[in-house]
Amino acid sequence: MEEAYIRRVIEGDVEAFRFLVRKYQHMAFTVAMSVVKDEFTAEEVTQEAFIKAFVNLKQFRFQSKFSTWLYRIVVNLSFKQLKKLKLQENNFISAGPEDADTTPDGFDKMNDTDRKFYINKALEILSPKESLALRLFYLDENSVDEISNITGWSEGNVKVILFRARKSFYAALSKILNKEMKTIL
Amino acid sequence: MFLMDIPNKNRDDELKQLLGYSRLEMPFDDFEERVMSHLKKEVQSEKSIDRSIRLSWLFFVLGTAFGLLVSVIISPVTSILGFSVSKLMIPLYIVGATLLLLFFEQLVNITIERKKHRG
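Please read these numbers as outputs of a predicted model, since none were measured by experiment. (Residues numbered from 1 in each chain as written. Chains lettered and ligands numbered in written order. Predicted model: local features only at pLDDT ≥ 70, side-chain atom pairs only at ≥ 80, totals over all residues.)

So, the overall build of chain A
Put simply, the test is: Only DSSP runs of H or I covering at least 4 residues are called helices, and only runs of E covering at least 2 are called strands; the numbering of each starts at the N terminus. Once C-beta atoms are placed from the backbone, each residue is buried if 20 or more other C-beta atoms lie within 10 Å of its own, exposed if 12 or fewer, and partly exposed for counts between those two. Two residues qualify as being in contact provided that their C-beta atoms, derived from the backbone, are within 7 Å of each other.
Counting secondary structure elements, chain A contains 8 helices and 0 strands. Listing the helices and strands of chain A from first to last along the sequence gives α-α-α-α-α-α-α-α. Buried positions account for 37% of the 185 residues belonging to chain A. Look at the contacts in chain A between residues 6 or more apart in sequence, and 73% of them connect residues 24 or more apart.

Right under this line is the structure:
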């Protein structure tokens, strides 16, 4: 189905690209947000990525999933944008060896809206690489090999980043929730 | 490092469940329309570039043919206002041939670039 739309675009049917935009805009935006951490910049990057994908669609060889190919463009543009914004890696939270990697107390009792809010808040304070790796692996369910293709990192590096990211994520979540509890009390 | 390779299914399932909440929605409703209108403009501009290149080739060929025709027409004339035509024509031929080669090179480069761009 998706392949048919891609072939139609290559043959000159611009309107067929709408299907791909509609299907992937949210995940492409999520991927961009993981890196650039700002809605407007992420939207700009996502739009640029779709335009780049359209212009270069003839180079897509159907050897990988279209999403892998598209996210690679999104990731490259996002990191390029990040370089322009000059966000420092040390501005983000990173877990230490003493940090526990479990869900903080009270999280189970939260409703879905609150969970969504706190999880996205935690991902926001994680480094771009770590939040990107977590979302690609656990949310979009890409394999280590696919993440390696998307990001250009080696498979070993993906595993290392994922290992650190899990700990940092729990640490970030605990930090945010503790801060919230202190504010409430 | 070794720990990274040990699959921890429970933790992975929990993270999968937690990260399930991290999907973001594109907050701009008109995103799809903006991308599509941008793409249509892109296609239009691509078509206009191709049309310009075709016209450039046409006028290049017409101009060259016209130039040749003029030089053939005036070749029987031996002098204008007492000046020898053959002496007058040499610098004109040099300038003309140089321009012709420069235009030709430009056109070939542009055409090759477009073909590469279109894949």
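Focus: the interface of chain B and chain A
Often, the extent of an interface is quoted as the loss of accessible area upon association of its parts. Selection rule: Lys, Arg, Asp and Glu make up the charged group, whereas Ala, Val, Leu, Ile, Met, Phe, Trp, Tyr, Cys and Pro make up the nonpolar group; the residues left over, Gly among them, are polar.
The interface is formed by 26 residues belonging to chain B together with 33 residues belonging to chain A. Breaking the side of chain B that touches chain A down by element, the ones donating at least two residues are α1 (9–19) and α2 (31–74) of chain B. Here the element with the most residues in the side of chain B that touches chain A is α2 of chain B; it accounts for 10 residues. Per-class residue counts for the side of chain B that touches chain A are 14 nonpolar, 4 polar and 8 charged.

Examining helix α3 (residues 39–55) of chain A
This is how it is decided: Expected span, for any helix, means 1.5 Å times one less than how many residues it has.
Given a rise of 1.5 Å per residue, 17 residues ought to cover 24 Å, and the 24 Å separating the end C-alpha atoms of α3 of chain A matches this to within 8%. Of all the residues in α3 of chain A, the buried ones are Ala42, Glu43, Val45, Thr46, Gln47, Ala49, Phe50 and Ala53 of chain A. Buried-residue contacts for α3 of chain A involve α2 (17–36) and α4 (66–85) of chain A together with α2 of chain B.

Digging into the packing of α3 of chain A against α2 of chain B
The condition that has to hold: Helix axes use the C-alpha atoms of the stretch in contact, all axes being lines fitted to C-alpha atoms, and the angles between their N-to-C directions lie in the range 0 to 180 degrees. Put simply, angles under 35 degrees are roughly parallel, angles over 145 are roughly antiparallel, angles from 65 to 115 are roughly perpendicular, and the rest are oblique. Two helices cross in a left-handed way if the nearer one is turned anticlockwise from the farther one by less than a right angle. They cross in a right-handed way if the turn is clockwise.
Orientation of α3 of chain A relative to α2 of chain B, taken along the N-to-C sense of each, is 40 degrees, at an axis distance of 10 Å. One way to sum up the angle between α3 of chain A and α2 of chain B is to call them oblique. Classified by chirality, the crossing of α2 of chain B by α3 of chain A is right-handed. Residues Glu43, Gln47, Phe50, Ile51, Phe54 and Val55 of chain A of α3 of chain A lie in contact with α2 of chain B, whose contacting residues are Phe31, Arg34, Val35, His38, Leu39 and Glu42 of chain B.

Quick notes on the packing of α2 of chain A against α2 of chain B
It is the contact of α2 of chain A with α2 of chain B, at a shortest axis distance of 10 Å, that shows an interaxial angle of 145 degrees. The chirality of how α2 of chain A crosses α2 of chain B is right-handed. Taken together, the residues of α2 of chain B that come into contact with α2 of chain A (itself represented by Phe17, Arg18, Val21, Arg22 and Gln25 of chain A) are Phe31, Glu32, Val35, Met36 and Leu39 of chain B. Of the residues that constitute the contact of α2 of chain A with α2 of chain B, the class distribution is 6 nonpolar, 1 polar and 3 charged.

Thoughts on the domain arrangement of chain A
Residue and element names in this part refer to chain A. Convention followed: The domain boundaries here were taken from an automatic or database domain assignment.
When the domains of chain A are assigned, the result is domain 1 (2–85) and domain 2 (94–184). Each of domain 1 and domain 2 has a C-alpha centre, and these two points are 24 Å apart. Between domain 1 and domain 2, the contact holds 12 residues from the first and 11 residues from the second. Within the residue set of the side of domain 1 that touches domain 2, elements represented by two or more residues are α2 and α4. Residues that form the side of domain 1 that touches domain 2 fall into these classes: 6 nonpolar, 4 polar and 2 charged.

What to know about the confidence of the model for chain B
Residue and element names in this part refer to chain B. Rule in force here: Note on scores: pLDDT gives the predictor's confidence for each residue, bounded by 0 and 100.
Averaged over every residue, the pLDDT of chain B is 85; the share at 70 or more is 93%. Across chain B, element-level confidence peaks in α2 with a mean pLDDT of 92 and bottoms out in strand β1 (residues 79–80) with 72. Overall, residues 1–6 carries pLDDT values under 50, and its contacts beyond four positions in sequence, including any with other chains, amount to 3 contacts. Interface confidence for the predicted complex, given as ipTM, is 0.80, next to a pTM of 0.78.

Side note on the environment of Glu124 of chain A
You can see Glu124 of chain A is positioned in helix α5 (residues 112–124). The exposure class assigned to Glu124 of chain A is partly exposed, which follows from the 16 C-beta atoms found within 10 Å.

Examining the environment of Phe83 of chain B
Note that Phe83 of chain B resides in strand β2 (residues 83–84). For Phe83 of chain B, a count of 9 C-beta atoms within 10 Å corresponds to the exposed category.

A look at unusual backbone geometry
The bulk of non-glycine residues show a negative phi, and the bulk of peptide bonds are trans. All names here are of chain A. With a phi close to 65 degrees, Lys37 is a non-glycine residue in the positive phi region. Mapped onto the elements of the fold, Lys37 is located in the loop between α2 and α3. Owing to 21 C-beta atoms within 10 Å, Lys37 belongs among the buried residues under this scheme. Non-glycine residue Phe62 carries a positive phi angle of around 60 degrees. As for its placement among the helices and strands, Phe62 is situated in the loop between α3 and α4.

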